[in-house]
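Structure at a glance
One-letter residues, chain by chain:
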Amino acid sequence: MKSAVLAGVFFSLLTALLQIPPPASSQGQSPGLNEERIESGQSPSADGGVIPYRIRLLPISSFPDLPPFVAAELARRECMIPQSFEAKQPENVIHGAFHSASSLDWAALCSSHGATTLLVFFSGQSDSPVSLRTQPDAAWLGAEPGSSVFGSSWGISVRSLAELRASPNLRRTTTIDHDAIDDARLERSVVVHYFQTGRWLALNPGDGSD
């Protein structure tokens, strides 16, 4: 009788353990994707040497303002968010009216398996983001003056409608009616991505930042 009681207790405990859901904070990610991580290595330099680099990667949880459906898709893709060597706070996740004047859209740099992709999430299309471009994590490197260790120099930001219209070569363009995305190699170049009539345009803002 005692053996039967013990077996019943064991079975009840095992059933309860199997029904415990995974922690909600994991967002379906692997354990290593839930914590800040440093990607390090060496990249060839122009003079034939090597450049040591350390790229800081933040988990999706560092961006609590992300809509749940966008965060879920980033988690499904096993994304971490690369930070530039200039970063003082979490960056490279932005939102603005990228599709049209009335839309609320998001964009993020997604690092996964050594490559980073610029993803754009149009409102209502969170499960099928646009991949604007992809490159190796260490393709663009930079460092603060005097530093011997380099970090990522890729950064994205919102180019507002007001800023677009203030650019000399866009001042008379009446078709510009919403925001764009600055896709920058810090301190070197900027491409402005603007969505219009179903396609992305690369604009030159004519402000000396390209």
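Before going into details, it helps to say that this report is about the structure given with it.

The rules behind each value
Residues numbered from 1 in each chain as written. Predicted model: local features only at pLDDT ≥ 70, side-chain atom pairs only at ≥ 80, totals over all residues. Heavy atoms only, no water. Salt bridge = Lys/Arg side-chain N within 4 Å of Asp/Glu carboxyl O. Helix = DSSP H or I, 4+ residues; strand = E, 2+ residues; numbered from the N terminus. Pairing = 2+ DSSP bridges. Axes fitted to C-alpha atoms, helices over the stretch in contact; angles between N-to-C directions. Core = buried A, V, L, I, M, F, W, Y, C linked by side-chain atoms within 4.5 Å. Buried < 20%, exposed > 50% of the residue type's maximum accessible area, 1.4 Å probe, protein only. Contact = heavy atoms within 4.5 Å. Polar contact = N/O pair within 3.5 Å; in protein donor to acceptor, adjacent residues only side chain to side chain.

Two side chains with opposite charge may pair up if their charged atoms get near one another. Counting across every chain of the model gives five salt bridges. Close ionic contact of Glu-73 with Arg-76 constitutes a salt bridge, the shortest N to O distance being 2.8 Å. Here Glu-73 and its partner Arg-76 are both found in helix α2 (residues 68-76), three residues apart, which amounts to about one turn of the helix. Here Asp-182 and Arg-159 are joined by a salt bridge, their closest N and O atoms 2.9 Å apart.

This part covers the sheet that holds strand β12 (residues 189-196). Here we have four strands laid out as an open sheet, ordered β10-β11-β12-β13, and antiparallel in their pairing. Edge positions in the sheet fall to β10 (154-159) and β13 (199-203), since each of these pairs with one other strand and no more. Neighbour to neighbour, the strand axes of the sheet diverge by 30 degrees on average, direction disregarded.

Let us now look at the nonpolar core. Counting residues in hydrophobic clusters, the biggest one holds 16 residues, and the most contacted among them are Ile-60, Phe-63, Leu-66, Leu-74, Val-93, Leu-119 and Phe-121. Elements that contribute at least two residues to this core include exactly α2, β5 (105-112) and β6 (115-121). Of all the elements, α2 adds the most residues to this core, at four residues. Not counting residues up to four positions away in its chain, the partners in contact with Leu-74 are Ile-60, Leu-66, Cys-79, Ala-108, Cys-110, Leu-119 and Phe-121. Residues Ile-94, Ala-107, Leu-118 and Ile-156 belong to the second largest nonpolar core, which totals 13 residues.

Mapped onto the fold, Arg-159 is located in strand β10. Here the side chain of Arg-159 touches Asp-182 through a polar contact of 2.9 Å, side chain to side chain.

Among the six residues of strand β11 (residues 180-185), six are classified as buried, and the element is accordingly described as predominantly covered. Because side chains alternate across β11, one face comprises the buried residues Ala-180, Asp-182 and Ala-184, and the other comprises Ile-181, Asp-183 and Arg-185, equally buried. Bridge count for β10 against β11 is six bridges, and the pairing is antiparallel. In the sheet register, Arg-159 faces β11, and the bridge partner there is Ala-180. The sheet contact formed by β11 and β12 spans five bridges and is antiparallel. Bridge pairing in β12 places Ala-184 opposite Val-190. A loop of three residues connects β11 with β12, the two strands running antiparallel in sequence, and Glu-187 in this loop sits at a positive phi of about 65 degrees.

This paragraph deals with the environment of Cys-79. Looking at the secondary structure, you find Cys-79 in the loop between α2 and β3 (81-83). Using a relative accessible area of 0% as the deciding quantity, one classes Cys-79 as buried. Between the C-alpha atoms of Cys-79 and Leu-33, which are 46 residues apart in sequence, the distance is 7.7 Å.

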